[in-house]
Amino acid sequence: MGEINIDFTNIPEQGGKDNYANLKEKLETVEQFPGIYNFKFIITGGVDKIDELRAVLPDDKFIEQPSKTGKYVAITVKKEMQNADEVIAVYKKVGTINGIMML
């Protein structure tokens, strides 16, 4: 199965459901678990935010791509996930860090 990127902006609010409930439905529809999930983040709050992200994903390889202007760093982390709930748990932890956008 090819890589599919799900962006929170692609997940509309539906009848009072939160974004994570909608994300879970999307993940279970398009991803195959267990399997490798590609987390994508944009660091806009300074490189010290990378350390905070590493605290959430400490044993995983980070693929870093600085922007041409140096204003942000795009990070991809490929991680073996057992189910959609594990993916959402990572997003919830990262969501508490200011200066990181989740894609």
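The preceding data block contains the structure.
Now for a look at the structure at hand.

### A few points about the overall build of the protein
Here's step 1: A count of helices and strands for the protein gives 3 helices and 4 strands.
Here's step 2: The linear arrangement of helices and strands in the protein, starting from the amino end, is α-β-α-β-β-α-β.
Here's step 3: Across the 103 residues of the protein, 34% fall into the buried class.

### Topic: the nonpolar core
Here's step 1: Counting residues in hydrophobic clusters, the biggest one holds 23 residues, and the most contacted among them are Phe39, Phe41, Leu53, Ile75 and Tyr91.
Here's step 2: Of all the secondary structure elements, the ones that give two or more residues to this core are α1 (19-30), β1 (35-43), α2 (48-56), β3 (73-81), α3 (84-94) and β4 (100-102).
Here's step 3: Looking at this core, the element that brings in the most residues is α3, giving 6 residues.

### Points about the packing of α1 against α3
Here's step 1: Between α1 and α3, the shortest axis-to-axis distance is 9 Å and the interhelical angle comes to 140°. Put simply, α1 runs oblique to α3. In this structure, α1 crosses over α3, and the sense of that crossing is right-handed. The residues of α3 that touch α1, namely those facing Tyr20, Leu23, Lys24, Leu27 and Glu28, are Ala84, Asp85, Val87, Ile88, Tyr91 and Lys92.

### A few points about the packing of aromatic side chains
Here's step 1: Scanning the model with the defined rule gives 5 aromatic pairs in all.
Here's step 2: Each residue in the set Tyr37, Phe39, Phe41 and Tyr91 is aromatic and connected to the rest through ring pairs, giving one cluster.
Here's step 3: The ring centre of Phe62 lies 4.1 Å from the NZ or CZ of Arg54, which sits over that ring.

### Structural notes on the environment of Asp48
Here's step 1: On the secondary structure map, Asp48 appears in helix α2.
Here's step 2: Distance in space between the C-alpha atoms of Asp48 and Gly99 is 9.7 Å, their sequence separation being 51 residues.

### A short note on unusual backbone geometry
Here's step 1: A cis geometry characterises the amide bond from Phe33 onward to Pro34, with omega recorded as -10°.
Here's step 2: Mapping Pro34 onto the fold places it in the loop between α1 and β1.

### Considerations on the pairing of β3
Here's step 1: When β1 meets β3, the two strands line up antiparallel, connected through 9 bridges. Pairing of Ile42 across the sheet is with Ala74, part of β3.
Here's step 2: Across 5 bridges, the pairing between strand β2 (residues 62-66) and β3 is antiparallel. Its bridge partner being in β3, Ile63 is matched across the sheet by Thr76.
Here's step 3: Here β2 folds back onto β3, and the loop between the two strands holds 6 residues, one of which, Gly70, carries a positive phi near 80°.

Cut-off values and rules
Residues numbered from 1 in each chain as written. Predicted model: local features only at pLDDT ≥ 70, side-chain atom pairs only at ≥ 80, totals over all residues. Heavy atoms only, no water. Helix = DSSP H or I, 4+ residues; strand = E, 2+ residues; numbered from the N terminus. Buried < 20%, exposed > 50% of the residue type's maximum accessible area, 1.4 Å probe, protein only. Core = buried A, V, L, I, M, F, W, Y, C linked by side-chain atoms within 4.5 Å. Axes fitted to C-alpha atoms, helices over the stretch in contact; angles between N-to-C directions. Parallel < 35°, antiparallel > 145°, perpendicular 65-115°, else oblique. Left-handed = near helix turned anticlockwise from the far one by under 90°. Contact = heavy atoms within 4.5 Å. Phe/Tyr/Trp six-rings, centres within 6.5 Å; stacked < 30°, edge-to-face > 60°. Lys NZ or Arg CZ within 6 Å of the ring centre and 35° of its normal. Pairing = 2+ DSSP bridges.

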